[in-house]
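Inside the fold
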Amino acid sequence: MSFRPRRLVPGLILALVILVVDQLSKITIVGTVMDPPRVIEVTGFFNLVMAWNYGVSFGLFNEPGTQRWMLIALALAVSAALAVWMTREPAPATRLALGAIIGGAIGNVIDRVRWGAVADFLDFHAFGYHWPAFNVADAAIVVGAAVLVLDNLFRPAAKQSD
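Residues numbered from 1 in each chain as written. Predicted model: local features only at pLDDT ≥ 70, side-chain atom pairs only at ≥ 80, totals over all residues. Heavy atoms only, no water.

Along a regular strand, successive side chains alternate from one face of the sheet to the other. Most of strand β2 (residues 46–53) is tucked away, with six of its eight residues classed as buried. In terms of strand pairing, strand β1 (residues 40–41) meets β2 through two bridges, oriented antiparallel. Paired with Glu41 across the bridge in β2 is Asn47. Linking β1 back to β2 in an antiparallel pair, the connection comprises four residues. Bridging between β2 and strand β3 (residues 118–126) involves six bridges; their strand directions are antiparallel. Bridge assignment links Ala51 to a residue of β3, and that residue is Asp120. (Buried < 20%, exposed > 50% of the residue type's maximum accessible area, 1.4 Å probe, protein only. Helix = DSSP H or I, 4+ residues; strand = E, 2+ residues; numbered from the N terminus. Pairing = 2+ DSSP bridges.)

Next up, the structure:
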């Protein structure tokens, strides 16, 4: 497949929208709503909390330390690779999914640079179990990844030439 820079436009617009919403939500939560940090019960299954994630998904490796710069470099490298994939990808749904992942990844990179950790504040729970706190960027990454998987599973197989 050929390199087509125009294919970047819709995905990068989505990435930018996600990045802006993510950063505005984090600035509001960290600077206003969670000053001081506390648990705000919104519904019987959803709270606003303040959690700092120094590690990766679901709080893995969640220790302050030198992995900060490694995680920043890794997220930027993956985002660049996804942008290249986006230029070669013919399926619009896949390009948008890649844009969602890129927007989320860059949003979390900004947190790591600004605060040294990712600000997580959305806390869903049921029957005494809490899903790890997350943010808008994390949600975009998960939705983007799910769309990639579903698109790959259900996209009609391309005709193979001999």
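Once the structure has been displayed, the description carries forward.
Attention now moves to the environment of Arg4. Tracing the chain through its elements places Arg4 in the segment before α1 (8–33). Looking at Arg4, the relative accessible area reads 42%, which means it is partly exposed. Taking C-alpha positions, Arg4 is 9.4 Å from Val84, a pair spaced 80 residues apart along the chain.

Now for helix α4 (residues 136–154). Here α4 is 19 residues long and its end C-alpha atoms lie 27 Å apart, about the 27 Å a rise of 1.5 Å per residue gives. Of all the positions in α4, only Ala137, Asp138, Ala140, Gly144, Leu148 and Asp151 are classed as buried. Looking straight down α4, one finds that the buried residues subtend no more than 165° of arc, so they occupy a single side. Opposite the buried face of α4, by more than 90 degrees, sit the exposed residues Val142, Val143, Leu153 and Phe154. For α4, the elements touching its buried residues are α1, α2 (67–88), α3 (92–115) and β3. (Expected span 1.5 Å × (residues − 1). Arc of directions from axis to C-beta. Contact = heavy atoms within 4.5 Å.)

So, about the packing of aromatic side chains. Counting across every chain of the model gives four aromatic pairs. Where Trp52 meets Trp115, the ring centres are 5.4 Å apart and the plane angle is 70°; that geometry is what we call edge-to-face. Taken as a pair, Trp52 in strand β2 and Trp115 in helix α3 lie far apart in primary sequence, 63 residues in all. Ring geometry for Phe124 and Phe134: centres 5.9 Å apart, planes at 15°, overall stacked. You can see Phe124 sitting in strand β3 and its partner Phe134 sitting in the loop between β4 (129–130) and α4, a full ten residues away along the chain. Through pairs of rings, three or more aromatic residues link up here, namely Phe45, Phe46, Phe124 and Phe134. (Phe/Tyr/Trp six-rings, centres within 6.5 Å; stacked < 30°, edge-to-face > 60°.)

A separate point is the confidence of the model for the chain. Per-residue confidence for the chain gives a mean pLDDT of 89, with 88% of residues at or over 70. Ranking the elements of the chain by mean pLDDT puts β4 last with 89 and α3 first with 97. (pLDDT = per-residue confidence, 0-100.)

In this structure, Gln67 sits in helix α2. With relative accessibility at 18%, the residue Gln67 sits in the buried group. A distance of 3.3 Å separates the side chain of Gln67 from the backbone oxygen of Tyr54, its partner in a polar contact. (Polar contact = N/O pair within 3.5 Å; in protein donor to acceptor, adjacent residues only side chain to side chain.)

Orientation of α1 relative to α3, taken along the N-to-C sense of each, is 35°, at an axis distance of 7 Å. For the pair α1 and α3, the sense of crossing is right-handed. Taken together, the residues of the contact of α1 with α3 sort by class into 13 nonpolar, seven polar and five charged. (Axes fitted to C-alpha atoms, helices over the stretch in contact; angles between N-to-C directions. Left-handed = near helix turned anticlockwise from the far one by under 90°. Nonpolar A, V, L, I, M, F, W, Y, C, P; charged D, E, K, R; others polar.)

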